[in-house]
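Next come the chains, spelled out residue by residue.
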Amino acid sequence: MSIKKKTNSFHIADLQKLPIDQLIGILETYKTTSDQPILLLERILNPLLERCRTIQSLGLWYLNLSRAMETLSWGEIQRLRLAKQLGNKLTGIIYVLDEPTIGLDNAEIKKVISAINTLKEMGNSIVVVEHNEEFITSSDWVTEIGPGSGDFGGDVIFNGSYEDFLKSDCLTAQYIRGEKKVHIKFDHKIKDHIITIRGAQKHNLDLPKVDITLGAFTIITGPSGAGKTTLLHHTLFRFLESRQKYVQGFVRMHMLRKGLNRSDIVGGQLIKRAEFEKVEEEAMDAFYKELNVDGIVGRENVQNVIYVDQTSIGKTPRSCPATFIWIFDNIRKIYASSNDAKMLGLKEGHFSFNSKKGACTECEGYGQKKIELQFLPDTYVPCSLCKGKRYKSEVLGIKWNGKTISDILQMYVHEAYAFFNEIGFIQDELKLMCDIGLGYLKMGQPAQTLSGGESQRLKLVRHLLKQYKGHTIYFLDEPTVGLIPEDIQKLLLVLKQFLDRGDTILMIEHDQSLLQFADKVITLKNGKSV
């Protein structure tokens, strides 16, 4: 169809920009009112409508056909792929899905289960990696892997029908039967201060007023496309984090328009207070317009805003848990203070694999060499000189309690916790990692091998170890992704420590085991509070 060809006053570009549910309505209307031959209409429109209805049934009604793939979440991409396979009507296929419930509420999870059952009825096999109880209870066959995480897992704990699984002693089965429950007692003190968002209209939001209580645990929940991320991240977080920078930039542009040059502005030449206040007010009006809100008040009670996401803690093998939470600095000091290190003139820098002083000269402290393959992904092999130990031989000759600095990096966190039992401040930091369920990680495990959930929990530990001045708001997005109930219990214990410090937690979440502990739950649907 030519882009200039009109269809009921919509050209093809208009149709591509419409949400799926609106597109279905327009196509159905055109099908019944068009004067085109009915066979032609059915041949073109029926498959299109069927695909659109499948996407709609999977809870993706709000997407439009021109939406860029890089703007979609992993859960949305998985469901689009599922819709495609439903439309292909293939049989004899094995489908593998990884956490398809990410970002979905209970109603949407039921839709995904229904779609999977449709694929099964078509003669296909579906393997799902999932922790959601609704998914597990709907399955025909359950395999539980364990008993621990990381290197302490990998064993088949159970493999059989759901009926037999429910009778087993598996940890997950105990939670499903109700014998074990996620439980915690919050006793933090909620503050009297409130941040109020008025007239939030960005994207699909239609919220006259939203109150966020400081010192409280607030969860924002709702179906896909409800506006949760728009409210939490694109509106409130952006306002709190970027307000000062936005105003400063606006004032500088005002001064440039007055004829001042860059050196005058950088040098600190001031404008009169009355003029500054007027320009600041204009800047805030422009910022509110950009955020599409009428106003946000109460920011003066917040000094720090931190978004704890699931992005990697680093992009190279140089980044690892020990360096990320700063504990390795103290460990290097211990080795540098030993008599053997002092005799050789080795300082703290020699025990850093990121420093040329002590890092292996062949691999430069990576412990491995990258092999570039022309038609395949790059691969890594252990360094031939240091054998993966990262350090020069003289550094590896220094031992503390029988272990080299490289041995420490090869320890699991729970092993390091026991090893440093005489060093209280190091043990306290390692205990936090164990408490949040990361005791199975290696101290020097490369960052790119960590999952999004592991990276997010490491960031929580890092922020717990850092003392911030003033009130802090933590923003979290689906922190329970990939967690079993036992791990959710550990996550809650860590969140409790933030709340006990008087901090505020704002979270997007759907897991019922977390919602029950929130001080306030804001439920959104189609951009409105329900």
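None of these values were measured; they are calculated from a predicted model.

Visitor: Kindly report on the overall build of the protein chain, identifying the contributing residues and their values.
Guide: Across its full length, the protein chain holds 21 helices and 15 strands. If one aligns the C-alpha atoms of the protein chain with their principal axes, the spans along those axes are about 95 × 75 × 55 Å. For the protein chain, the residues scored as buried account for 46% of the 530 residues in total. Of all intrachain contacts in the protein chain linking residues separated by at least 6 positions in sequence, the fraction that spans at least 24 positions is 66%. Looking at the protein chain as shown, the accessible area adds up to about 27700 Å², and 51% of this sits on carbon and sulfur atoms.

Visitor: Can you break down the nonpolar core residue by residue, with the values?
Guide: Of all hydrophobic cores here, the largest spans 68 residues; its most connected members are Phe-217, Ile-331, Phe-351, Phe-420, Met-443, Leu-458 and Leu-492. Every residue in contact with Ile-331, bar those within four places of it in the chain, is listed here: Ile-405, Ile-408, Phe-420, Ile-426 and Met-443.

Visitor: Describe the packing of aromatic side chains, with residues and values.
Guide: For the coordinates displayed, the defined rule picks out 18 aromatic pairs. Seen from their ring centres, Phe-239 and Tyr-288 are 5.9 Å apart, and the 15 degrees between their planes marks the pair as stacked. Remark: Tyr-288 occurs in helix H11 (residues 273-291) and Phe-239 occurs in helix H9 (residues 228-257); sequence separation between them is 49 residues. The buried category is assigned to Phe-239, whose relative accessible area is 0%.

Visitor: Describe in detail the pairing of strand S6 (residues 207-213), supporting the description with residues and values.
Guide: Bridge count for strand S5 (residues 194-200) against S6 is six bridges, and the pairing is antiparallel. Bridge assignment links Ile-197 to a residue of S6, and that residue is Val-210. Where S5 hands over to S6, the hairpin turn is made up of six residues, of which His-203 adopts a positive phi near 55 degrees.

Visitor: Break down the packing of helix H2 (residues 20-33) against helix H3 (residues 38-57) for me, citing the residues and quoting the values.
Guide: Where H2 meets H3, the axes come as close as 10 Å, and the angle between the chain directions of the two elements is 155 degrees. By the angle class used here, H2 and H3 are roughly antiparallel. Crossing geometry of H2 relative to H3 is assigned as left-handed. Taking contact as the criterion, the partners of Ile-20, Asp-21, Leu-23, Ile-24, Leu-27, Glu-28, Tyr-30 and Lys-31 in H2 are, on H3, Leu-41, Glu-42, Leu-45, Asn-46, Leu-48, Leu-49, Cys-52, Arg-53, Ile-55 and Gln-56.

Visitor: I'd like to hear about the sheet that holds S6, residue by residue, with values.
Guide: Ordered by their spatial adjacency, three strands build an open sheet running S6-S5-S8, and the pairing between neighbours is antiparallel. With one partner strand each, in any of the chains shown, S6 and strand S8 (295-297) form the two edges of the open sheet. Neighbour-to-neighbour, the strand axes of the sheet open up by a mean angle of 10 degrees, direction not taken into account. H9 contacts S5, S6 and S8 of the sheet and is inclined by roughly 120 degrees relative to S5.

Visitor: Talk me through the sheet that holds strand S13 (residues 504-508); I want residue IDs and the actual numbers.
Guide: The strand order across the open sheet built from six strands is S9-S12-S13-S7-S14-S15, with neighbouring strands paired in mixed fashion. Taken across any chain shown, the strands that pair with only one partner, and hence form the sheet edges, are strand S9 (304-308) and strand S15 (528-529). Sheet topology note: the strand S12 (residues 472-477)/S13 ladder contains five bridges and is parallel. Directly across from Leu-476, in S13, lies its bridge partner Met-507.

Visitor: An account of the packing of helix H18 (residues 424-435) against helix H19 (residues 452-465) is requested, with residue identities and associated values reported.
Guide: The N-to-C vectors of H18 and H19 enclose an angle of 145 degrees; their axes lie 10 Å apart at closest approach. Like other packed secondary-structure pairs, H18 and H19 cross with a definite hand, here right-handed. Of H19, the residues touching H18 (which contributes Glu-429, Leu-432 and Met-433) are Leu-458, Val-461, Leu-464 and Leu-465.

Visitor: So what's going on with the pattern of salt bridges? Which residues, and what values?
Guide: Per the stated rule, a full pass over the model turns up 18 salt bridges. In this structure, Lys-89 and Glu-50 form a salt bridge, with 2.9 Å as the shortest nitrogen-oxygen distance. Of this pair, Lys-89 sits in the loop between helix H4 (74-88) and strand S1 (94-98) while Glu-50 sits in helix H3, and the two are 39 residues apart along the sequence. Between Glu-290 and Arg-238 there is a salt bridge, and its shortest N-O distance comes to 2.5 Å. Of this pair, Glu-290 sits in helix H11 while Arg-238 sits in helix H9, placing them 52 residues apart in sequence. Three or more residues are tied together by salt bridges with common partners; here these are Asp-187, Lys-496 and Asp-500.

Visitor: With reference to specific residues and values, describe helix H13 (residues 327-336).
Guide: In terms of burial, H13 is a largely internal element, eight of the ten residues being buried. Turning to H13, its buried residues are Ile-327, Phe-328, Asn-330, Ile-331, Arg-332, Ile-334, Tyr-335 and Ala-336. In this fold, the buried residues of H13 make contact with helix H12 (321-324), helix H14 (339-344), helix H16 (405-410) and H18.

Visitor: Residues and numbers for the layout of surface pockets, please.
Guide: Its boundaries defined by the atoms lining it, the second largest pocket holds a volume of some 690 Å³. His-131, Asn-132, Glu-133, Asp-511 and Ser-513 are, among the 33 residues lining the second largest pocket, the residues nearest its centre. Elements that contribute at least two residues to the lining of the second largest pocket include exactly helix H5 (106-121), helix H6 (133-137), helix H8 (171-177), helix H20 (485-500) and helix H21 (512-515).

Visitor: Requested: an account of the confidence of the model for the protein chain, with residues and values cited.
Guide: Residues at a pLDDT of 70 or more form 96% of the protein chain, whose mean pLDDT is 89. Predicted confidence in the protein chain is weakest over helix H10 (residues 262-266), with a mean pLDDT of 55, and strongest over S5, with 97. pLDDT under 50 marks residues 1-7. Its contacts with residues more than four places away, or in other chains, come to eleven contacts.

Visitor: A description of a nonpolar patch on the surface should follow, citing residues and the corresponding values.
Guide: Residues Ile-371, Leu-373, Phe-375, Leu-376 and Val-381 make up a contiguous nonpolar surface patch of about 490 Å² in total accessible area. Considering the arrangement of structural elements, one finds Val-381 in strand S11 (residues 379-382).

Visitor: Before we move on, can you summarise unusual backbone geometry with the specific residues and values?
Guide: In this model, Gly-146 is joined to Pro-147 through a cis peptide bond whose omega is 0 degrees. Mapping Pro-147 onto the fold places it in the loop between strand S3 (141-146) and strand S4 (155-161). A positive phi angle, near 70 degrees, is found at Trp-326, a position not held by glycine. Among the structural elements, Trp-326 can be located in the loop between H12 and H13. Of note in this structure, Glu-364 is not a glycine but carries a positive phi near 60 degrees. Secondary-structure assignment places Glu-364 in the loop between H14 and strand S10 (368-371).

Thresholds applied
Residues numbered from 1 in each chain as written. Predicted model: local features only at pLDDT ≥ 70, side-chain atom pairs only at ≥ 80, totals over all residues. Heavy atoms only, no water. Helix = DSSP H or I, 4+ residues; strand = E, 2+ residues; numbered from the N terminus. Buried < 20%, exposed > 50% of the residue type's maximum accessible area, 1.4 Å probe, protein only. Contact = heavy atoms within 4.5 Å. Areas by Shrake-Rupley, 256 points an atom, 1.4 Å probe, with all protein chains shown as cover. Core = buried A, V, L, I, M, F, W, Y, C linked by side-chain atoms within 4.5 Å. Phe/Tyr/Trp six-rings, centres within 6.5 Å; stacked < 30°, edge-to-face > 60°. Pairing = 2+ DSSP bridges. Axes fitted to C-alpha atoms, helices over the stretch in contact; angles between N-to-C directions. Parallel < 35°, antiparallel > 145°, perpendicular 65-115°, else oblique. Left-handed = near helix turned anticlockwise from the far one by under 90°. Salt bridge = Lys/Arg side-chain N within 4 Å of Asp/Glu carboxyl O. 1 Å grid on protein atoms, 1.4 Å probe; cavity = no way out; pocket = protein on both sides within 12 Å on 5 of 7 lines; lining within 4 Å. Points joined across faces, edges and corners; volume = space filled by probe spheres on them. pLDDT = per-residue confidence, 0-100. Patch = residues over 30% accessible without salt bridge, like charges linked within 9 Å, V, L, I, M, F, W, Y side chains within 5 Å.

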